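Residues per chain are reported as follows:
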Amino acid sequence: SFTSLTRTRDAADGVIVDLVPPPPAVGGGIDEPEALDGDDPAPMDSPVVARAGLPNALLAGLPAGTAFGTFVHAVLEEIDPTSPELETALADAVSRQWRRDRLDVDQTLLVHGLAAAVRTPLGPIADGLRLADLPPTDRLAELTFDLPLVDTRRAFSARSLGEVLVSTLAADDPLRPYADRLAAGRFDVDLAGYLQGSIDAVLRVPATEGGHRYLVVDYKSNRLHVPGAPDPLAAYRADLLVAAMEHHDYPLQALLYSVALHRYLRWRLPGYHPEHHLGGIAYLFVRGMAGPATPFHEGCPAGVFAWRPPAATIVGLDRLLSTGVAP
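Below you will find a few notes about this structure.

About the criteria used
- Residues numbered from 1 in each chain as written.
- Predicted model: local features only at pLDDT ≥ 70, side-chain atom pairs only at ≥ 80, totals over all residues.
- Heavy atoms only, no water.
- Core = buried A, V, L, I, M, F, W, Y, C linked by side-chain atoms within 4.5 Å.
- Buried < 20%, exposed > 50% of the residue type's maximum accessible area, 1.4 Å probe, protein only.
- Helix = DSSP H or I, 4+ residues; strand = E, 2+ residues; numbered from the N terminus.
- Phe/Tyr/Trp six-rings, centres within 6.5 Å; stacked < 30°, edge-to-face > 60°.
- Lys NZ or Arg CZ within 6 Å of the ring centre and 35° of its normal.
- Arc of directions from axis to C-beta.
- Contact = heavy atoms within 4.5 Å.
- Pairing = 2+ DSSP bridges.
- Axes fitted to C-alpha atoms, helices over the stretch in contact; angles between N-to-C directions.
- 1 Å grid on protein atoms, 1.4 Å probe; cavity = no way out; pocket = protein on both sides within 12 Å on 5 of 7 lines; lining within 4 Å.
- Points joined across faces, edges and corners; volume = space filled by probe spheres on them.
- Nonpolar A, V, L, I, M, F, W, Y, C, P; charged D, E, K, R; others polar.

## A look at the nonpolar core
Buried together is how nonpolar side chains tend to be arranged in soluble globular proteins.
Logical step 1: Grouped together as the largest cluster of nonpolar side chains are 53 residues, with contacts concentrated most on Leu-161, Ile-199, Leu-252, Ile-281, Tyr-283, Phe-285 and Phe-305.
Logical step 2: Top element by residues in this core is helix α8 (residues 250-268). It accounts for 10 residues.
Logical step 3: In terms of nonpolar packing, the next biggest core, distinct from the first, is built from 37 residues, Leu-103, Ala-117, Val-118 and Ala-126 among them.

Here is the structure:
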């Protein structure tokens, strides 16, 4: 799995050694890993006090950590984002999840914060659509996969993943530096057997050239801002999310998920063409998604990391995982 792969980096001394600097100090920083740290930090002591004229960051002051992330994922998986009674549906889902988890969280604030996230435009990657615009028929939640890789006699180095990226990504791709680090041996491990995982959601959105595109979506509850910051949303600006993605190796996760989607569509979608149907990835940092008032930077909404790697990247990774040979 992606998690077991990333944990190989802490084999030397029990600590994940990160090579990526934190994002610029624009009211935020990188907090604990969402899914790699079993500890659930206590709720923040400092309330979030927004300056006049700034949009409300309703989720900013809620707890961070694995338990909260799992809670949020379970709620978003269950609800229909297009429900005309969205707050009621969210309240019911939050209440049911709370009875299972007993998480110390302000349920009312969580409901309104998640409603705002669901109503946040996703930007150009989804032609401005929101989760609230996509009915269940256009959303496949929790696509679980077990993908066969090469057998142990043909195991290949994780460095090869980076080599595929380096050979297929443009020089100005925002994640080209991360590709270089993968190729240089960010993970010193051989891969074989099966790849397991679960994609939070696959969205089907209209394509401008006709038909549909399919997006890999992952919900992230990471706290990237400084507790008590007057403008916590500033830490979730789209261009600053690149550092957060690299810090947790989420680009690798997104690419592995994209290979899973590629195989799924190849098997299930008549007339499938990767160049047309693979729509890219959208990692949704929900604490930075504030509804219609969400600030934009260079046309991209806060809280939404969007990336559409070339189809050749996904096809090349699929071949590598299948054969152990880079294209």
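## A short note on the packing of aromatic side chains
Logical step 1: Scanning the model with the defined rule gives 2 aromatic pairs in all.
Logical step 2: With 6.0 Å between their ring centres and 80° between their planes, Phe-145 and Tyr-257 make a pair best called edge-to-face. Remark: Tyr-257 occurs in helix α8 and Phe-145 occurs in strand β1 (residues 139-148); sequence separation between them is 112 residues.
Logical step 3: Take Phe-145: its relative accessible area is 8%, and that puts it in the buried class.
Logical step 4: We classify Tyr-257 as buried; its relative accessible area is 8%.
Logical step 5: Relative to Tyr-283, the ring of Tyr-250 has its centre 5.9 Å away and its plane inclined at 45°; by these criteria the two rings are tilted. Here Tyr-250, found in helix α8, pairs with Tyr-283, found in strand β6 (residues 278-285); they are 33 residues apart in sequence, far enough to count as distant. Neither Tyr-250 nor Tyr-283 differs from the other in exposure class; each is buried.
Logical step 6: It is Lys-220 that lies over the ring of Tyr-250; its NZ or CZ is 3.9 Å from the centre.

## A look at helix α6 (residues 176-183)
Logical step 1: Those residues of α6 lying buried are Arg-176, Tyr-178, Ala-179 and Leu-182. Down the axis of α6, the buried set is contained in an arc of 155°. They therefore lie on one face.
Logical step 2: Buried residues along α6 sit against α5 (159-168), α7 (241-247) and α8.

## Thoughts on the sheet that holds strand β4 (residues 194-206)
Logical step 1: If you walk across this open sheet you meet the 5 strands as β1-β4-β5-β6-β9, and the pairing is mixed. Two strands close off the open sheet at either side, each with one partner strand: β1 and β9 (304-307). Pairwise comparison of adjacent strand axes, ignoring direction, gives a mean angle of 35° for this sheet.
Logical step 2: With 4 bridges joining them, β6 and β9 adopt antiparallel strand pairing. Within the sheet, the bridge partner assigned to Ile-281 lies in β9 and is Trp-307.
Logical step 3: Running over the sheet, α8 touches β1, β4, β5 (212-220), β6 and β9 and is turned about 140° from β6.

## Quick word on the layout of surface pockets
Logical step 1: A volume near 220 Å³ is recorded for the second largest pocket.
Logical step 2: Along the wall of the second largest pocket there are 15 residues; nearest its centre are Ala-238, Cys-300, Phe-305, Ala-306 and Trp-307.
Logical step 3: Mapped by element, the contributors of at least two residues to the lining of the second largest pocket are β8 (300-301) and β9.
Logical step 4: Among the elements that make up the lining of the second largest pocket, the one with the highest residue count is β9 (4 residues).
Logical step 5: Grouping the amino acids of the lining of the second largest pocket by side-chain chemistry returns 12 nonpolar, 1 polar and 2 charged.

## Structural notes on the environment of Tyr-264
Logical step 1: As for its position among the elements, Tyr-264 is in helix α8.
Logical step 2: Tyr-264 sits in the partly exposed class, given a relative accessible area of 25%.
Logical step 3: A C-alpha to C-alpha distance of 9.6 Å links Tyr-264 and Leu-143, two positions 121 residues apart in sequence.
Logical step 4: Sequence-distant contacts of Tyr-264, that is, excluding residues within four places in its chain, are made with Leu-140 and Leu-143.

## Regarding the environment of Val-94
Logical step 1: You can see Val-94 is positioned in helix α3 (residues 86-101).
Logical step 2: Taking the C-alpha atoms as reference points, Val-94 and Ala-74, separated by 20 residues in sequence, lie 8.8 Å from one another.
Logical step 3: Every residue in contact with Val-94, bar those within four places of it in the chain, is listed here: Phe-71, Val-75, Gln-107, Leu-110 and Val-111.

Nothing here speaks to function; it is all geometry.
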